[in-house]
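In case you want the letters, here they are:
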Amino acid sequence: MDIEEAVKIIQGNNDFVLTTHLNPDGDALGSLMGLGLALLKSGKKVSMVLPYPVLASYQFLPGCQHVLQPSDVLGRFDVGIILDCTEMARAGEKAQDVIENTRCLVNVDHHISNQYFGDLNVVDPQAAATGEIVCSLLVRAGITITPDIATNLYVALVTDTGSFQHQNTTAKCLRTAAYLLDCGAKHNLIHQCLYEQKSLDSLRLLSRCLESLALNKSGAIAWMTISQDVLLDSGAVFDDSDGMIDYTKSLKGVEVGILFKEVSPGEIKVSFRSKNYLDVNQLAACFGGGGHERAAGCTVQGRIKNVEALVIEKTEELLAASCGGPKR
Ligand SMILES: [Mn+2]
């Protein structure tokens, strides 16, 4: 990981464009705006670019007002920084055009499946969140972390660790979180904005989602399904299903939890979580996806029942191959 090189690039340049992956989550947005605000604060010219508006649920993040559409930015930038993104294509075509039209591309990420596509790759799969790497970068570059920057980076940590519950919650992650609280991130407010602003429709969707819960024979695999019908019925939107997958894993004896979402007819988005030993990055890769060892996803084309059967079968196969037992 070339963090010192990245510090030099940040210190030695003035003209930056930043982006992250499509359907940005808390880590993507927190890293984007945390770094963006920090560069602005140190007097640099910064464009933060996203092809779609920031989700309403994340609009409490300081810096949202600076986010631009790819069509808003013109010309060639000195440095492009792409955050939390395994491969260039995940930024979306329009943001990709902007970020590629730079003299130097820096790829900052923590996914084990990262493709090392940058001129400089600051990739640390040990980091709990990309926001954790951004925090190290800022500290090493001697940039003061304001409360607004801290809030963004803290959100990155909270969301990518499932509120410090997932296995990626390391001592370093918690030290970074503590440091960000010292810098002025407001835990209480952030927690409320992230987890206590749900709509009635989204809880109705949760109830329908839980009704669909199924288990395989051994009880090691649990899954839930949200079809288009169920979604329309509940009045919710797919973004409301954030976090619902964790209920699968909350069951005793379950090693792998899966959520199937019919995002459009014939297009099924599949999310995976594992508890102790199954490498779901590897599982998702069987279907052209990826992510982390304990959290990953992919998109599979087909009818929802067929996709379910296919994915469960593959999951059982990999579970059996992992010798049916925890390695640690
Ligand atoms: Mn992340």
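Note: the structure precedes this text.
Residues numbered from 1 in each chain as written. Predicted model: local features only at pLDDT ≥ 70, side-chain atom pairs only at ≥ 80, totals over all residues. Heavy atoms only, no water.

Draft legend 1. Fine view of the overall build of the protein. Helices and strands together make up the secondary structure of the protein, namely 12 helices and 12 strands. Expected size for 328 residues packed as a compact globule is a radius of gyration near 20 Å; at 20 Å, the protein falls within 12% of this value. Counting only C-alpha atoms and orienting by the principal axes, one finds that the protein spans roughly 60 × 45 × 40 Å. Burial status across the protein gives 53% buried among its 328 residues. Restricting to contacts in the protein with at least 6 residues of sequence separation, those with at least 24 account for 65%. As displayed, the protein offers around 15000 Å² of accessible surface, 50% of which is attributable to carbon and sulfur atoms. (Helix = DSSP H or I, 4+ residues; strand = E, 2+ residues; numbered from the N terminus. Rg over C-alpha atoms; globule rule 2.2 N^0.38 Å. Buried < 20%, exposed > 50% of the residue type's maximum accessible area, 1.4 Å probe, protein only. Contact = heavy atoms within 4.5 Å. Areas by Shrake-Rupley, 256 points an atom, 1.4 Å probe, with all protein chains shown as cover.)

Draft legend 2. Region of the structure containing the sheet that holds strand β6 (residues 120–123). Ordered by their spatial adjacency, 6 strands build an open sheet running β3-β2-β1-β4-β5-β6, and the pairing between neighbours is parallel. This sheet does not close on itself; its edge strands, each paired only once, are β3 (67–68) and β6. Bridge analysis of strand β2 (residues 45–49) against β3 gives 2 bridges, and the strand direction is parallel. Considered in β3, the bridge of Val49 is made with Leu68. Running at roughly 120° to β6, helix α1 (residues 3–12) makes contact with β1 (15–20), β4 (77–83), β5 (102–109) and β6 of the sheet. (Pairing = 2+ DSSP bridges. Axes fitted to C-alpha atoms, helices over the stretch in contact; angles between N-to-C directions.)

Draft legend 3. Seen up close, the pattern of salt bridges. Inspection of every chain in the model, using the stated rule, returns 9 salt bridges. A salt bridge links Arg103 to Asp78, with the nearest nitrogen and oxygen atoms 2.8 Å apart. Residue Arg103 is found in strand β5, and its partner Asp78 is found in strand β4; the two are separated by 25 residues along the sequence. Assessed through its relative accessible area of 24%, Asp78 is described here as partly exposed. (Salt bridge = Lys/Arg side-chain N within 4 Å of Asp/Glu carboxyl O.)

Draft legend 4. Spatial organisation of the side chain of Thr161. Looking at where Thr161 falls in the secondary structure, it is placed in the loop between α5 (147–160) and α6 (171–182). The class of Thr161 is buried, set by a relative accessible area of 0%. From its side chain, Thr161 meets the backbone oxygen of Leu157 in a polar contact 2.7 Å long. Once residues within four sequence positions are removed from consideration, Thr161 is found in contact with Ala128, His166, Asn168, Thr169 and Cys173. (Polar contact = N/O pair within 3.5 Å; in protein donor to acceptor, adjacent residues only side chain to side chain.)

Draft legend 5. Geometry of the pairing of strand β12 (residues 295–301). Because side chains alternate across β12, one face comprises the buried residues Ala296, Cys298 and Val300, and the other comprises Ala295, Gly297, Thr299 and Gln301, none of which is buried. For strand β10 (residues 267–274) and β12, the ladder comprises 7 bridges, and the chain directions are antiparallel. Note on β12: the bridge partner recorded for Ser271 is Gly297. Where strand β11 (residues 290–291) and β12 come together, 2 bridges link them in antiparallel fashion. Residue Gly290 lies in a different strand from β12, and its bridge partner there is Gly297. Connecting β11 to the next strand, β12, in antiparallel fashion are 3 residues.

Nothing here speaks to function; it is geometry throughout.
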